[in-house]
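Examining the three-dimensional arrangement
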Amino acid sequence: MTAPALQHTTVLLDEAVDALLADATGRGDGLWIDATFGRGGHSRRLLSRLPPGARLLAFDKDPEAIQEAARIQDARFSIRHAGFRELADLPPQSAAGVLLDLGISSPQIDSPERGFSFRFDGPLDMRMDTTRGQSVAEWLADAPVDQISEVIREYGEERFAGPIAKAIVARRQERGPLVRTAELADLVAGAVKTREAGQNPATRTFQALRIFINAELEELQQALEACLQVLEPGGRLVVISFHSLEDRIVKQFIALHSRQVFDRRAPFAPPRAMQLEALARVRPSAAEVAANPRSRSAIMRVARRTEA
């Protein structure tokens, strides 16, 4: 099957930028962060609305995203070839707003060479940063069956994780390791006994392996913690997630820091002040979903750093 032209439509573009800049009066000249540059949709829109004295710092692990960022000729803009966990390296209370768009970009999905999709045959890679780390194929070549099963169950919420893991190891022992996306997709299809309507049986397994190999959930937790330190009082945090595991982490993080915390060991001590104020939960409109079906699972959560 031939891959389509590699294009990307930014999800919740206006909604995210509007939410990030809603309290920007008097702070527009500060530092703004697009922690997941992707193909630059949010960054370009932010640059079109930020004043001349503002600065926009972007992060991305993907070398192709770094190449795309080089096309932006704006002195206010800079990008780091790094994951958003490195937000922690920025000075405390230095950012007026942080945007995290956790979705994988369409060019990444649609490029067979990246190995993210079961729709096109390609190397079984799935690394966000192709310059470092272990590919999915390399990990599956040695991982024990119990660990493979745990990863697929935990990160893919796949109820057939056990049979899939056993099939992967059996194939490895009989004919050598899996090295192509089509090989893995076919193997999973044979191991999954029932299919969800409209969903490829390999969907959950591919999601799980991508999340695991890139340590996506661990990095998200670290990035959220860093945002608390980096955001200045009144600064906004906007996070767009695309599956329940991500959204659960974001929801729980905002909820935890949106309430006062009492120390049971010191009942008369003043409570720790709330650090975030939850503001909104936004889903794509019906029109956006119709125009871009990949947006249908998106959830955007918005919070503001308190003055405390």
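This section reports on the structure supplied with the text. (Residues numbered from 1 in each chain as written. Predicted model: local features only at pLDDT ≥ 70, side-chain atom pairs only at ≥ 80, totals over all residues. Heavy atoms only, no water.)

1. Notes on the overall build of the protein
The cut-off we apply is this: Every helix listed is a DSSP run of H or I at least four residues long, and every strand listed is a run of E at least two residues long, numbered separately from the N terminus. What the globule rule says is 2.2 Å times the number of residues to the power 0.38, and the radius of gyration is computed from C-alpha atoms. Note on definitions: a residue-residue contact is assigned when non-hydrogen atoms from the two residues lie within 4.5 Å. The Shrake-Rupley method, run with a 1.4 Å probe sphere, supplies the accessible areas, and residue values consider only the shown protein chains as cover. Lys and Arg are tallied as positive, Asp and Glu as negative. Neither His nor the chain termini are counted. Just so you know, the charge point we use is NZ for Lys, CZ for Arg, CG for Asp and CD for Glu.
Along its length, the protein carries twelve helices and seven strands. A globule of 308 residues ought to have a C-alpha radius of gyration of about 19 Å, and the protein, at 21 Å, matches this closely. C-alpha extents for the protein along the principal axes are approximately 65 × 55 × 40 Å. Counting contacts in the protein only where the partners sit at least 6 residues apart, residues at least 24 apart contribute 68% of the total. Carbon and sulfur atoms make up 50% of the accessible area of the protein, which totals about 14600 Å². On the protein, the mean spot of the 40 positive side-chain charges and the mean spot of the 41 negative ones are 3 Å from each other.

2. Observations concerning the pattern of salt bridges
The cut-off we apply is this: Whenever Lys or Arg places a side-chain nitrogen within 4 Å of a carboxyl oxygen from Asp or Glu, that contact is recorded as a salt bridge. Remark: exposure states derive from per-residue accessible area (1.4 Å probe, protein chains only) relative to the maximum for the residue type, with buried under 20%, exposed over 50%, and partly exposed in between.
Scanning the model with the defined rule gives 23 salt bridges in all. For the salt bridge of arginine 45 with aspartate 14, the shortest nitrogen-to-oxygen distance reads 2.2 Å. One end of the pair, arginine 45, is in helix α2 (residues 41-49); the other, aspartate 14, is in helix α1 (residues 13-21), and 31 residues separate them in sequence. The exposure class assigned to arginine 45 is partly exposed, which follows from its relative accessible area of 28%. Among the ionic pairs, arginine 301 bridges to aspartate 247, the shortest N-O distance being 2.7 Å. A residue pair is termed long-range when its members are at least 10 positions apart, and arginine 301 in strand β7 (residues 299-305) and aspartate 247 in helix α11 (residues 244-256) qualify at 54 residues.

3. Regarding the nonpolar core
The nonpolar side chains of soluble globular proteins are, as a tendency, buried together. Here is the rule: Here, the term nonpolar core denotes a set of buried Ala, Val, Leu, Ile, Met, Phe, Trp, Tyr and Cys residues that are joined through side-chain atoms within 4.5 Å.
In terms of nonpolar packing, the biggest core is built from 65 residues, with Ile33, Leu87, Val98, Leu100, Ile148, Ile168 and Leu224 touching the most fellow members. For this core, the element with the highest residue contribution is helix α10 (residues 216-230), accounting for eight residues. With residues near it in sequence (within four places) discarded, isoleucine 168 still touches Leu140, Ile148, Ile152, Leu178, Leu184 and Leu187. Among the nonpolar cores identified, the runner-up in size contains 29 residues, and Leu13, Ala24, Phe37 and Ala58 belong to it.

4. Concerning the packing of aromatic side chains
Heads up, the rule is: Whether two aromatic rings pair depends on their centres lying within 6.5 Å, for rings of Phe, Tyr and Trp, where Trp uses its six-membered ring; planes under 30 degrees apart make the pair stacked, over 60 edge-to-face, and the rest tilted.
A complete count under the given rule lists four aromatic pairs for this structure. A ring pair is formed by phenylalanine 37 and phenylalanine 77, whose centres lie 5.8 Å apart and whose planes are at 45°; its orientation type is tilted. With phenylalanine 37 in the loop between β1 (31-34) and α2 and phenylalanine 77 in strand β3 (residues 77-81), this pair connects stretches of sequence that are 40 residues apart. The burial state of phenylalanine 37 is the same as that of phenylalanine 77; both residues are buried. Taken together, a centroid distance of 4.6 Å and an interplanar angle of 50° make the contact between tryptophan 139 and phenylalanine 212 tilted.

5. Considerations on the packing of helix α8 (residues 181-191) against helix α9 (residues 203-213)
What counts is decided by this rule: As a rule, the C-alpha atoms of each element are fitted with a line to give its axis, helices using only the stretch in contact, and angles between N-to-C directions run from 0 to 180 degrees. These descriptions rest on fixed angle ranges, namely under 35 degrees for roughly parallel, over 145 for roughly antiparallel, 65 to 115 for roughly perpendicular, and the rest for oblique. Put simply, a crossing is left-handed when the front helix is turned counterclockwise from the back one by less than a right angle, and right-handed when it is turned clockwise. Ten residues, namely Ala, Val, Leu, Ile, Met, Phe, Trp, Tyr, Cys and Pro, are considered nonpolar, four, namely Asp, Glu, Lys and Arg, are considered charged, and the remaining ones, Gly among them, are considered polar.
With their axes 9 Å apart at the nearest point, α8 and α9 run at an angle of 130° to one another. Of the possible angle classes, the one that applies to α8 and α9 is oblique. Like other packed secondary-structure pairs, α8 and α9 cross with a definite hand, here right-handed. The segment α8 lies against α9, with Thr181, Leu184, Ala185 and Val188 engaging Thr205, Phe206 and Leu209. When the residues that make up the contact of α8 with α9 are grouped by side-chain class, the tally is five nonpolar, two polar and no charged.

6. A few points about the pairing of β3
To be explicit about the condition: Paired strands, as defined in this entry, are two strands with at least two bridges between them according to DSSP.
With five bridges joining them, strand β2 (residues 55-60) and β3 adopt parallel strand pairing. Across the sheet, the residue bridging to aspartate 60 is histidine 81, located in β3.

7. Description of the pairing of β2
Defined as follows: For crossovers, right-handed means that the path from the first strand over the helix to the second runs clockwise, given strands pointing away from the viewer.
Taken across its six residues, β2 has five buried, putting it largely inside the fold. Both β1 and β2 contribute to a ladder of four bridges, which runs parallel. Across the sheet, residue isoleucine 33 finds its bridge partner in β2, namely leucine 57. With respect to chirality, the unit in which β1 leads through α2 into the neighbouring parallel β2 is right-handed.

8. A look at α11
Note the threshold: For a helix, the expected span equals 1.5 Å multiplied by the residue count minus one.
For α11, which comprises 13 residues, the first-to-last C-alpha distance of 18 Å matches the rise-based estimate of 18 Å (1.5 Å per residue) to within 8%. Inspection of α11 places Leu245, Glu246, Asp247, Ile249, Val250, Phe253 and Ile254 among the buried residues, and these make up the whole buried set.

9. Quick word on the packing of helix α6 (residues 145-156) against helix α7 (residues 161-175)
Two numbers describe how α6 lies on α7: the axes approach to 8 Å, and their chain directions differ by 140°. Here α7 runs oblique to α6, going by the angle between their axes. As α6 runs across α7, the sense of the crossing is right-handed. Packed against α6, whose contacting residues are Val145, Ile148, Ser149, Ile152 and Arg153, the element α7 presents Ala161, Gly162, Ile164, Ala165, Lys166, Ile168, Val169 and Arg172 at the interface.

10. Points about the environment of glutamate 64
Put simply, the test is: What qualifies as a polar contact is a pair of N or O atoms within 3.5 Å, subject to a donor-acceptor requirement within protein and to the restriction that residues adjacent in sequence count only when both atoms come from side chains.
By the secondary structure assignment, glutamate 64 is in helix α3 (residues 63-69). The partly exposed category is assigned to glutamate 64, whose relative accessible area is 33%. Those residues within four positions of glutamate 64 in sequence are excluded, and the remaining contacts are Arg39 and Arg114. A polar atom in the side chain of glutamate 64 sits 3.2 Å from the side chain of arginine 39.

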